[in-house]
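So the chains spell out like this:
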Amino acid sequence: MIETRVLTGADLDAALEDLARLRITVFRAWPYLYDGDLAYERRYLSAYRDSRDAILVGAFDGARLVGASTGTPMVDHAEDFAAALAGSGVPLDDIFYCAESVLLPKYRGQGVGHAFFDAREAHARSLGATHSAFCGVIRSEAHPLKPSDHRPLDGFWRRRGYAPVAGAVARYRWKDLDQPVETDHKLQFWMRALGAT
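Residues numbered from 1 in each chain as written. Predicted model: local features only at pLDDT ≥ 70, side-chain atom pairs only at ≥ 80, totals over all residues. Heavy atoms only, no water.

**Describing the pairing of strand S5 (residues 131-137)**
- Counted residue by residue, S5 has seven buried out of seven residues, so it is predominantly covered.
- Of the two faces of S5, the one lined by His 131, Ala 133, Cys 135 and Val 137 and the one lined by Ser 132, Phe 134 and Gly 136 are each fully buried.
- Two strands pair when backbone bridges link them, and strand S4 (residues 95-103) and S5 are joined in this way by three bridges, in the parallel orientation. Following the sheet pairing, Phe 96 is matched in S5 by Ser 132.
- The parallel pair S4 and S5, bridged by helix H4 (residues 112-126), forms a crossover whose chirality is right-handed.
- Bridge analysis of S5 against strand S7 (residues 182-193) gives seven bridges, and the strand direction is antiparallel. (Buried < 20%, exposed > 50% of the residue type's maximum accessible area, 1.4 Å probe, protein only. Helix = DSSP H or I, 4+ residues; strand = E, 2+ residues; numbered from the N terminus. Pairing = 2+ DSSP bridges. Right-handed = clockwise from strand over helix to strand, strands pointing away.)

Right, dumping it as structure tokens:
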């Protein structure tokens, strides 16, 4: 039985090391192909420690963290994403950023993805956000490491009310498994209006 719990403050901080390991494990797979390390992860995840309005939704199998999703107000990520969202018509102050969602493969297909979005969107509304957004990496369909059985998440995201934001493409650097150094990657923003629950 998987239990999801919302973590903030000290509880969030205590889960960051486990989240770092999950990110390295899950993002090695397609489509991210991320060749991560703990030193980088610790630096990256400090943003959630530093944001008073950050949230981490943990998926637990007993005491073990087997999945997690995070989010912060978009203004906490403005340096990385402001330019990409400049033409969206929605002020950054009104957008909540749903960052990573990582879940070990054996726990997928049990509704955890919906629980992740439900909790983050509720948190976003409680902060007064009018929109929720996330981004997904853009990969070539002809990429040699793409698995033949890959099923994109686009349908799931659309059923949640999200749609790609035209022209809103961010760029981020990381090292792919098949590359010797970090390279630029394009990430497409998806967004939805939150409305009332």
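**Focus: the state of the cysteines**
- Under the counting rule described, the total for this entry stands at zero disulfides.
- Just so you know, Cys 135 is unpaired, no disulfide at all, and the nearest cysteine sulfur is the one on Cys 98, 11 Å from it. (Disulfide = S-S within 2.5 Å.)

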